[in-house]
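Okay, here's what each chain looks like letter by letter:
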Amino acid sequence: QVQLVESGGGLVQAGGSLRLSCAASGSTFSINLMGWYRQAPGEQRERVAMITSVGSTTYADFVRGRFTLSRDSARNTVYLQMNSLKPEDTATYYCYVLVINQGHYNYWGQGTQVTVSS
């Protein structure tokens, strides 16, 4: 019932910036939580940043102060502004949506690759 389309990944030098976008469609009015996870090869998927339906944001310690999560006025698109990128930020970034409606439903984007060169 929710479809996610990601964009904005790419190759950037250390210290540079990228902005990821995730556009949700479908039953977007039911979204309780939206944000980003990332996964590097051979590593566990980890939460990067999340925003609630009322606009509260949380960040992983390793990105706090460098990344900023925001959403548009329609509340169906989120953006992850990534500044001061480090090589260890290299990963596949996945948009994530949680819908709580007589159950918990998780939705994932296809993933967008972020590569930070040193």
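Scroll up to find the structure.
Now for a quick tour of the structure. (Residues numbered from 1 in each chain as written. Predicted model: local features only at pLDDT ≥ 70, side-chain atom pairs only at ≥ 80, totals over all residues. Heavy atoms only, no water.)

**As for the pattern of salt bridges**
Argument step 1. This structure, assessed with the given rule, holds 4 salt bridges.
Argument step 2. We note a salt bridge from Asp 61 to Arg 64, for which the minimum N-O separation is 2.5 Å.
Argument step 3. Arg 64 gets classed as partly exposed once you look at its relative accessible area, which sits at 49%.
Argument step 4. When the shortest N-O distance is used, the salt bridge between Arg 66 and Asp 89 registers 2.7 Å. Of this pair, Arg 66 sits in the loop between β6 (57-59) and β7 (67-71) while Asp 89 sits in the loop between β8 (77-82) and β9 (91-100), and the two are 23 residues apart along the sequence. Neither residue differs from the other here; Arg 66 and Asp 89 are each classed as buried.
Argument step 5. What you see here is one network of salt bridges that share partners, running through Arg 38, Glu 46, Arg 66 and Asp 89. (Salt bridge = Lys/Arg side-chain N within 4 Å of Asp/Glu carboxyl O. Buried < 20%, exposed > 50% of the residue type's maximum accessible area, 1.4 Å probe, protein only. Helix = DSSP H or I, 4+ residues; strand = E, 2+ residues; numbered from the N terminus.)

**As for the sheet that holds strand β1 (residues 2-7)**
Argument step 1. One open sheet accounts for 4 strands, arranged β1-β3-β8-β7; its pairing is antiparallel. The open sheet has two free edges, formed respectively by β1 and β7, since each of these has just one partner strand. Adjacent strand axes in the sheet meet at a mean angle of 15° when their direction is disregarded.
Argument step 2. Pairing analysis gives 5 bridges linking β7 to β8, with the strands arranged antiparallel. When the bridges of β8 are listed, Thr 68 appears paired with Gln 81. (Pairing = 2+ DSSP bridges. Axes fitted to C-alpha atoms, helices over the stretch in contact; angles between N-to-C directions.)

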